[in-house]
Amino acid sequence: MNSIQNNWFTEKSALWEGQSFSMEVKEVLFHEKSDFQDVLVMDTKTYGRVLVLDGCIQCTEKDEFSYQEMMTFVPLTCHPNPKSVLIIGGGDGGVAREVVKYPTVEKVVQCEIDAKVVEVSKKFLPFIASGFESPKLTLNIGDGLDFVSKHKNEFDVIITDSSDPIGPAESLFGEKYYKMCQEALKPGGIICSQGENMWYHSKIIRTMLDFCKTMFPKVSYGYTCIPTYPGGQIGFLLCSKNPDTKFEEPLKELSEEDVENMNLRYYNASIHRAAFILPQFAKKELLN
Ligand code: SAM
């Protein structure tokens, strides 16, 4: 296994050239090529269990909640009454685990391309994959773009929890996909998508923000801090069909009690607001 040498896993990608992130491995729990990608699950010294697809870290036991909670509760709390949610990707089950907690959500539909990711997540990452057990959730195995194209006017919120735009997820970063998501949303619907890293991927992000602005009256970009993603942070791209949506100001403010009852470890209303304060270089490169 090239990415593991002398018990150290090293993550390299053309998307963050000239650098790498490493972690010490205690044990490789699973490693196989699925029909779509290389799937690796390992137990590590510092980050607990880790899922890696095509050599890129997808989630770790120690910090996954930062991403899963922000990808979920930022869009849900900006919608007045989210009842039906579509998740594209998200094969580890973490976003589903969070979405099914939200009291107004009645129906969650998910479309993940790779059944192997779901299978290994249920077996080796049950603390993340627990969302798959919810009676609110229906899981489909297939390509996200194909799936979205068959649905019109059906969802209040669409969350795209995809891997990076090299490999099976490439289509989920394109204009065609966003057009189809727009049609799959009900009036007032909201999209939240994995939005890469403002330090390394400003061109990709800028292109997406620009085409989204031609389709939606409200578009925004926020980010969360997470040690095991490149650069220690990852962004999310948000679009709303409702021109009155203010992404930086939750419509439903979760109280400390709500946060406690929902067992949230990262999200609260203050960090929601803070997530949209961008450094000057990012404001210029992404928004001006
Ligand atoms: N949070 C992670 C990140 O940002 O790296 C993503 C985690 S989640 C495991 C990503 C999932 O997207 C994977 O399970 C992958 O199989 C799925 N995926 C990739 N391309 C897809 C497609 N075209 N349609 C549906 N799911 C897709």
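- The protein chain is annotated in an unreviewed UniProt entry as Spermidine synthase of Orchesella cincta.
- Reading the Catalytic activity (unreviewed entry) entry of the UniProt record for the protein chain gives the comment "S-adenosyl 3-(methylsulfanyl)propylamine + putrescine = S-methyl-5'-thioadenosine + spermidine + H(+)".
- What UniProt states about the protein chain under its Pathway (unreviewed entry) heading is, verbatim, "Amine and polyamine biosynthesis; spermidine biosynthesis; spermidine from putrescine: step 1/1."

### Brief notes about the overall build of the protein chain
Reasoning step 1: Scanning the protein chain for helices and strands turns up ten helices and 13 strands.
Reasoning step 2: In terms of overall size, the protein chain behaves like a compact globule, its C-alpha atoms giving a radius of gyration of 18 Å where 288 residues would be expected to give roughly 19 Å.
Reasoning step 3: C-alpha extents for the protein chain along the principal axes are approximately 55 × 45 × 40 Å.
Reasoning step 4: For the protein chain, the proportion of contacts with a sequence separation of at least 24, taken over those separated by at least 6, is 67%.
Reasoning step 5: Accessible surface for the protein chain amounts to roughly 12,300 Å². Of this, 49% is attributable to carbon and sulfur atoms.
Reasoning step 6: For the protein chain, the distance from the average site of its 30 positive side-chain charges to the average site of its 40 negative ones is 4 Å.

### Overview of the domain arrangement of the protein chain
Reasoning step 1: The domain architecture assigned to the protein chain consists of domain 1 (4-60) and domain 2 (64-287).
Reasoning step 2: A C-alpha centroid distance of 23 Å is found between domain 1 and domain 2.
Reasoning step 3: Residue-level contacts link 25 residues of domain 1 with 25 residues of domain 2.
Reasoning step 4: The junction of domain 1 with domain 2 conceals about 2,200 Å² of combined surface from both sides, 67% of it contributed by carbon and sulfur atoms.
Reasoning step 5: When the buried surface of domain 1 facing domain 2 is broken down by residue, Leu 15, Phe 36 and Arg 49 rank first, second and third, together holding 26% of it.
Reasoning step 6: For the interface between domain 1 and domain 2, the tally reads one salt bridge.
Reasoning step 7: The partner of Glu 32 in a salt bridge is Lys 116, and the shortest N-O contact between them spans 3.5 Å.
Reasoning step 8: Going through the elements one at a time, strand E3 (21-33), strand E4 (38-44), strand E5 (48-53) and strand E6 (56-60) are the ones with two or more residues in the side of domain 1 that touches domain 2.
Reasoning step 9: Class assignment of the residues belonging to the side of domain 1 that touches domain 2 gives a composition of 16 nonpolar, five polar and four charged.

### Regarding the nonpolar core
Reasoning step 1: Ranked by size, the top nonpolar core spans 39 residues in total, and within it Val 85, Val 99, Phe 236 and Leu 238 carry the most contacts.
Reasoning step 2: Sorting the residues of this core by element identifies helix H1 (64-78), strand E7 (84-89), helix H2 (94-99), strand E10 (155-161), strand E11 (185-194) and strand E13 (233-240) as the ones contributing at least two each.
Reasoning step 3: No other element matches H1, which puts eight residues into this core.
Reasoning step 4: If you look at the next biggest cluster of nonpolar residues, it comprises 35 residues, including Leu 172, Tyr 178, Cys 181 and Cys 212.

### Brief notes about the sheet that holds E5
Reasoning step 1: With antiparallel pairing, six strands are arranged side by side in an open sheet as E1-E2-E3-E4-E5-E6. Of all the strands in the sheet, the pair left with one neighbour each is strand E1 (4-5) and E6.
Reasoning step 2: Bridge count for E4 against E5 is six bridges, and the pairing is antiparallel. What sits directly across from Met 42, in E5, is Val 50.

### Some points on the UniProt feature "domain: PABS" (unreviewed entry) in the protein chain
Reasoning step 1: Feature annotation in UniProt places "domain: PABS" (unreviewed entry) on residues 6-241, given in this structure's numbering.
Reasoning step 2: Strand forms 36% of residues 6-241 and helix 27%; the C-alpha atoms that close the span are 51 Å apart.

### Things to note about the pattern of salt bridges
Reasoning step 1: If you walk through the whole model with that rule in mind, you get 14 salt bridges.
Reasoning step 2: The partner of Asp 38 in a salt bridge is Lys 33, with the nearest N and O atoms 3.2 Å apart.
Reasoning step 3: Judged by its relative accessible area of 15%, Asp 38 is buried.
Reasoning step 4: Residue Lys 33 is classed as exposed on the basis of its relative accessible area, which comes to 64%.

### Description of the packing of aromatic side chains
Reasoning step 1: Scanning the model with the defined rule gives nine aromatic pairs in all.
Reasoning step 2: Arranged with centres 6.1 Å apart and planes meeting at 45 degrees, the rings of Phe 30 and Phe 124 form a pair that is tilted. Of this pair, Phe 30 sits in strand E3 while Phe 124 sits in helix H3 (residues 115-124); the two residues are 94 residues apart in sequence, bridging distant segments of the chain. Of the two residues examined, Phe 30 and Phe 124, each falls in the buried class.

### Notes on the layout of surface pockets
Reasoning step 1: Estimates place the volume of the largest pocket at around 180 Å³.
Reasoning step 2: What lines the largest pocket is a set of 14 residues, and nearest its centre among them are Leu 53, Asp 54, Cys 56, Asp 164 and Ile 166.
Reasoning step 3: Here the lining of the largest pocket is built from residues that sort into six nonpolar, five polar and three charged.
Reasoning step 4: Each of two domains, domain 1 (4-60) and domain 2 (64-287), supplies a minimum of three residues to the lining of the largest pocket.

Conventions we followed
- Residues numbered from 1 in each chain as written.
- Predicted model: local features only at pLDDT ≥ 70, side-chain atom pairs only at ≥ 80, totals over all residues.
- Heavy atoms only, no water.
- UniProt positions renumbered as here; feature names shortened; annotations may be inferred.
- Helix = DSSP H or I, 4+ residues; strand = E, 2+ residues; numbered from the N terminus.
- Rg over C-alpha atoms; globule rule 2.2 N^0.38 Å.
- Contact = heavy atoms within 4.5 Å.
- Areas by Shrake-Rupley, 256 points an atom, 1.4 Å probe, with all protein chains shown as cover.
- Lys, Arg positive; Asp, Glu negative; His and termini not counted.
- Charge placed at Lys NZ, Arg CZ, Asp CG, Glu CD.
- Domains from an automatic or database assignment.
- Buried area = accessible area lost by both parts, 1.4 Å probe.
- Salt bridge = Lys/Arg side-chain N within 4 Å of Asp/Glu carboxyl O.
- Nonpolar A, V, L, I, M, F, W, Y, C, P; charged D, E, K, R; others polar.
- Core = buried A, V, L, I, M, F, W, Y, C linked by side-chain atoms within 4.5 Å.
- Buried < 20%, exposed > 50% of the residue type's maximum accessible area, 1.4 Å probe, protein only.
- Pairing = 2+ DSSP bridges.
- Phe/Tyr/Trp six-rings, centres within 6.5 Å; stacked < 30°, edge-to-face > 60°.
- 1 Å grid on protein atoms, 1.4 Å probe; cavity = no way out; pocket = protein on both sides within 12 Å on 5 of 7 lines; lining within 4 Å.
- Points joined across faces, edges and corners; volume = space filled by probe spheres on them.

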